[in-house]
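Secondary and tertiary structure notes
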Amino acid sequence: MQDFYDHSEITTEPPEPDNAQYEAELDIQSMDELVHLFGVFDENLEILQAETNTQMKTSADSIRIAGAKEDVELAAQVLDRLLAMIRKGDTINRSRIRYAVDIAKDGNADMIEQIMGDVIAITNKGRQIKCKTLGQKKYVQALKEYDLVFGVGPAGTGKTFLAVAMAVLAFKNKEVNRIILTRPAVEAGEKLGFLPGDLQNKVDPYLRPLYDALHDFLGNETYKSLSERGAIEVAPLAYMRGRTLDDSFIILDEAQNTTVEQMKMFLTRLGNNSKAVITGDVTQIDLPRDTRSGLVDASRVLRDVEDIGIVTLSQKDVVRHQLVQKIIEAYEKAAAARQNDQQHGRRGNPRRGGKDAR
C-alpha cells in the first residue's frame, strides 16, 4: 500500500485467514493534528467513519483504520491528504471531509490537496477563496483559459461568486479596465419604468447578489469609488443593447432567464481584450412556457466552437449547507421520475420549469 501515499508513513497488516477485516495505520506528528482532523468531541471522526464505512482508533502517534480492504484503502488515502492539508495550515470541516471522500471514490484522491488548496483570491477582509470541488477547479481553469465561458449548474455551486473573484483579480492585475455585471430582470418584465425610484432603485433587487460579491472582494468604499468613475458597472441586461464592450470583464448572471434573442445580443457585445462569463441554472427558468431559454440554446449551438469553455457543475459541487446537495438531488430524482412517466404515457400534474419544459 505504500505506493498510494506521499506524506505519511502508512503500514498495513494482512487479514487473519479466518477474518475478512483489513487494517492500515497512519503516523501522526502531534496530538494537535488529531484535534484539527477529528474536530471537537470527535465530530469529524464520526463523519469519516460513516463516509468510508470503516472504524478508526487513535493513539498518541498513529491512526488505525479497520474494515473491508477497499474501504480501508479509501479512508487511508483521504486521511493522508487531509493531514497534509492540516500541516499546511488549512482548516478541515465536515463539508470538506465529505467532498474529499467523494473525490477519492471517483479515483482522484491525488487531487484533493490541489482542489482544496489553491487560493484564487482574497476578500477585502482577508479571507482566502479556494476551489472546494473538482467542478469548481475545472470552472476556474476555464475562466483562466478562455475568453468566453459558460458556467451551468445548480444554486450554491459558486458560479457567480467565483466569476466575480476572477473579474476582480483581472481588474487588479490591469488585464481589463472595467468590470461589467448584468442580469435579466425577468420578474419585472418590461415594467421597470413603472417601478418607484430612479434606475438604481429599480434594478437593485435584481442585482443584489452581484453587489454582495463585489463588496466582499473590494469593500464598500473601494466599490463606491470605482463605480462612480465607471470602472464597475452593474446594470440589467436590457441596457447592454447597442454597446461594444472593450477591455472589460463581463458577467451575465441568471442567464437561464434570457431569451435566445437576448443571449445572441449579449454574446455579440464582446469587444477587444474582453472576457465574458455566462452563468445560470437550467432547472430554474422563469420564462413563459413557450419561450426557449437563451442559455439552453447557446450551450447547444456553441458546444463545438473552439475557444469557448462550457463547464457543467452538479450537486456534488454545492458548497452551501449540506442539505442543499440533498435537496437538489431529490428534485433531480423527481424530475427524472416525471420524465419517465411521460415517456411511458403516464400523465402527472403539469409543472412549470426545468430544461425539458423549454
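Note that the coordinates shown come from a computational prediction; the quantities given were computed from them, not determined experimentally.

Attention shifts here to the sheet that holds strand S7 (residues 148–152). Here 6 strands make up an open sheet; going across it, the order is S9-S8-S10-S11-S7-S12 and the pairing parallel. At either margin of the open sheet sits one strand with a lone partner, and together these are strand S9 (232–236) and strand S12 (308–312). Going across the sheet, the axis of each strand differs from the next one's by a mean of 15°, ignoring polarity. One ladder, built from 5 bridges, connects strand S8 (residues 178–183) with S9; its direction is parallel. Along S9, the bridge assignment pairs Leu-181 with Val-234. The sheet contacts of helix H10 (residues 260–267) involve S7, S8, strand S10 (248–252) and strand S11 (275–280), and relative to S11 the element is tilted by about 155°.

What follows deals with the packing of aromatic side chains. Following the criterion strictly, the structure yields 2 aromatic pairs and no others. On the numbers, 4.9 Å between centres and 35° between planes, the contact of Phe-161 with Phe-217 is tilted. Note that Phe-161 is positioned in helix H7 (residues 159–172) and Phe-217 in helix H8 (residues 199–218), a separation of 56 residues in sequence. Taking relative accessible area as the criterion, Phe-161 reaches 25% and is therefore assigned partly exposed. Phe-217 sits in the buried class, given a relative accessible area of 2%. An angle of 80° between the planes, with centres 6.1 Å apart, marks the rings of Tyr-211 and Tyr-223 as edge-to-face.

With respect to the helices and strands, the residue Arg-208 is situated in helix H8. Counting along the chain gives 26 residues from Arg-208 to Val-234, while the straight-line C-alpha distance between them is 9.6 Å.

About the cut-offs
Residues numbered from 1 in each chain as written. Predicted model: local features only at pLDDT ≥ 70, side-chain atom pairs only at ≥ 80, totals over all residues. Heavy atoms only, no water. Pairing = 2+ DSSP bridges. Helix = DSSP H or I, 4+ residues; strand = E, 2+ residues; numbered from the N terminus. Axes fitted to C-alpha atoms, helices over the stretch in contact; angles between N-to-C directions. Contact = heavy atoms within 4.5 Å. Phe/Tyr/Trp six-rings, centres within 6.5 Å; stacked < 30°, edge-to-face > 60°. Buried < 20%, exposed > 50% of the residue type's maximum accessible area, 1.4 Å probe, protein only.

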